[in-house]
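Chain by chain, the residues run as shown.
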Amino acid sequence: MMVPDAYNTTPSAIQKIEQNLISPTLGTVLKITKGLGTTLQSLLDEHSAARDVVYLPGEKRRTIPVPDLKISLQSLADGLPNEAFSAILLTIPKGARMKEREFRHHGEELQLCVKGKVKFTIRDETYLLRRGDSLRFKSSLRHYWDNAGEAE
């Protein structure tokens, strides 16, 4: 796995990640996906065969913890190879916030607040999402989030 130096991920760090000696931060994983020209969804997916339709029962979704942010990710739409769309359920515990304030990556995001409150800052504008609220933006814009509620 080669990642251009421009993405500030050293070859030794990549080797340790590949050998499961260290767990990468979410920021590092996104830098690797950018360097590989792929998506986070493609790293979460386990493709067994090319398909056109994928049914994914709730109990079959894989949960992936992200220890540096104390969050977890669940792929909601895995199984289609080379997909241009991804859907991820992000669980943010009370008080959690993104560490990086200069977070950018390829693609677009559609955020839907399922419960609680989450504050998104895009560039210098802040949006408070409550249950049922949504927000769509280009991921290349500087953005970050904070759990602004009293619960997960």
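Our subject is the structure listed above.
Residues numbered from 1 in each chain as written. Predicted model: local features only at pLDDT ≥ 70, side-chain atom pairs only at ≥ 80, totals over all residues. Heavy atoms only, no water.

## Points about the overall build of the protein chain
For the protein chain, the count of helices and strands is three helices and eight strands. Starting at the N terminus and walking to the C terminus, you meet the elements of the protein chain as α-α-α-β-β-β-β-β-β-β-β. Taking the intrachain contacts of the protein chain between residues at least 6 apart in sequence as the baseline, contacts between residues at least 24 apart amount to 54%. Of the roughly 10,000 Å² of accessible surface on the protein chain, 51% is carried by carbon and sulfur atoms. (Helix = DSSP H or I, 4+ residues; strand = E, 2+ residues; numbered from the N terminus. Contact = heavy atoms within 4.5 Å. Areas by Shrake-Rupley, 256 points an atom, 1.4 Å probe, with all protein chains shown as cover.)

## Considering unusual backbone geometry
One non-glycine residue, Arg-123, lies in the positive phi region at around 55°. Mapped onto the elements of the fold, Arg-123 is located in the loop between β5 (117–122) and β6 (125–130).

## Quick word on the sheet that holds strand β8 (residues 143–147)
The sheet built from three strands is open, its strands ordered β6-β5-β8 with antiparallel pairing. The open sheet has two free edges, formed respectively by β6 and β8, since each of these has just one partner strand. Each adjacent strand pair in this sheet contributes to an overall mean axis angle of 20°, direction not counted. Note that β5 and β6 share six bridges and pair antiparallel. Residue pairing across strands places Thr-121 opposite Thr-126, the latter belonging to β6. (Pairing = 2+ DSSP bridges. Axes fitted to C-alpha atoms, helices over the stretch in contact; angles between N-to-C directions.)

## Thoughts on the sheet that holds strand β1 (residues 63–66)
The three strands are arranged β1-β2-β3 in an open sheet whose pairing can be described as antiparallel. Only two strands of the sheet have a single neighbouring strand rather than two, namely β1 and β3 (88–91). If you compare each strand with its neighbour and ignore which way they point, the axes differ by 25° on average. Bridge count for β1 against strand β2 (residues 71–75) is four bridges, and the pairing is antiparallel.

## Structural notes on the side chain of Thr-121
Relative to the elements of secondary structure, Thr-121 occurs in strand β5. Within the local environment of Thr-121, its side chain forms a polar contact with the side chain of Thr-126, the two groups lying 3.4 Å apart. What Thr-121 contacts, discounting residues up to four positions off in sequence, is Thr-126, Arg-142, His-143 and Tyr-144. (Polar contact = N/O pair within 3.5 Å; in protein donor to acceptor, adjacent residues only side chain to side chain.)

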